[in-house]
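# Survey of secondary and tertiary structure
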Amino acid sequence: MFYFASDIHLGAGTPAEQRETERVFIRWLDRISADAEAVFLLGDLFDFWLEYRRVAPQGCVRALGKLAELTDRGIRVVLFTGNHDMWVGDYLARECGVELHTAPGEVTLAGKRLFLAHGDNMNIRRQPMLRLMNTLFRSRTLRFLFSWLVHPDMAMKFGRWWSGKSRKSHGQHPPTAAITEPLRDYARQYAERHPEVDLFIFGHMHVACDRTGERPRVLHLGSWERTPTYAVLDDAGVLTLKTFTR
Ligand SMILES: [Mn+2]
């Protein structure tokens, strides 16, 4: 079986909320590890992650330990980075055995061709501000300069504040399914050029929906803030969106 989840946002909220999210995530990993061949985490695993060459953020040790335990047991854990954890280095790969992808990609699982992405930097051609920020944030040169100029404590303080700010604004206006439209447009255009793709799975929008009757079929994983949701692809190639009951 193949499992998919996104937008866990480990480290978000008060210390009590952080521990609760981590506890639920670990329980989910324990549950699925009974039959999982691979777990795909489609971005925003952390509420904010920024890695220097020899410095990694504190916290989330139970979750990191659980991911390491899974990979030690031979279960693949694959992380496609999101906009909250785009600055991962090789720490998660070295310490936890996680396979890292910093760009969207296609995989073949259970006879199906899947397109997987967090979904944060797509269909933004007509949004110059977003495009500029995306280019700046992903620039290797800027990241290198930043790591030499900004103390890690300052960088983490700013990053956590920024992430919390964006989360609070989302909390006041819970997203509706309409927010997924640009990603569905992207999927339609992509599918025209790549007809071999059977399924698209995205995170990012914090709305869980799966329009099973549409072509191409696009599944949006929800966030774990309110109701943890995930998807499972069984060995016959059947994809299902599910809610994790704690
Ligand atoms: Mn998110």
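First things first, this report covers the structure right here in the doc. Treat the numbers as computed from the prediction; the structure is a model and nothing was measured. (Residues numbered from 1 in each chain as written. Predicted model: local features only at pLDDT ≥ 70, side-chain atom pairs only at ≥ 80, totals over all residues. Heavy atoms only, no water.)

### A closer look at the nonpolar core
Membership of the largest hydrophobic core comes to 32 residues, with the highest contact counts inside it found for Phe 25, Trp 28, Val 39, Leu 41, Leu 45 and Leu 92. For this core, the secondary structure elements donating two or more residues are strand S1 (2-5), helix H1 (15-32), strand S2 (38-41), helix H2 (61-72), strand S3 (76-80), helix H3 (91-96) and strand S10 (229-233). Contact partners of Leu 92, with chain neighbours within four places excluded, come to Phe 46, Trp 49, Leu 64, Leu 79, Gly 97, Val 98 and Leu 100. By size, the runner-up hydrophobic cluster in this structure holds 18 residues, among which are Phe 4, Ala 38, Leu 109 and Leu 221. (Core = buried A, V, L, I, M, F, W, Y, C linked by side-chain atoms within 4.5 Å. Buried < 20%, exposed > 50% of the residue type's maximum accessible area, 1.4 Å probe, protein only. Helix = DSSP H or I, 4+ residues; strand = E, 2+ residues; numbered from the N terminus. Contact = heavy atoms within 4.5 Å.)

### A short note on the environment of Ala 34
By secondary structure assignment, the location of Ala 34 is in the loop between H1 and S2. For Ala 34, a relative accessible area of 70% corresponds to the exposed category. Considering only alpha carbons, one finds Ala 34 and Leu 219, 185 residues apart in sequence, at a separation of 24 Å.

### What to know about the pairing of strand S9 (residues 217-220)
Alternating positions in S9 separate into two faces, Arg 217 and Leu 219 on one and Val 218 and His 220 on the other, with burial throughout. Sheet topology places strand S7 (residues 199-202) next to S9; four bridges connect them, and they run parallel. Looking at the pairing, Phe 202 lines up with His 220 of S9. Bridging between strand S8 (residues 209-210) and S9 involves two bridges; their strand directions are antiparallel. Within the sheet, the bridge partner assigned to Asp 210 lies in S9 and is Leu 219. What sits between the antiparallel neighbours S8 and S9 is a turn of six residues. (Pairing = 2+ DSSP bridges.)

### Quick word on helix H7 (residues 181-193)
The first and last C-alpha atoms of H7 sit 19 Å apart over 13 residues, in line with the 18 Å expected at 1.5 Å per residue. In this structure, the buried residues of H7 make contact with strand S5 (105-109), strand S6 (112-117), S7 and S9. (Expected span 1.5 Å × (residues − 1).)

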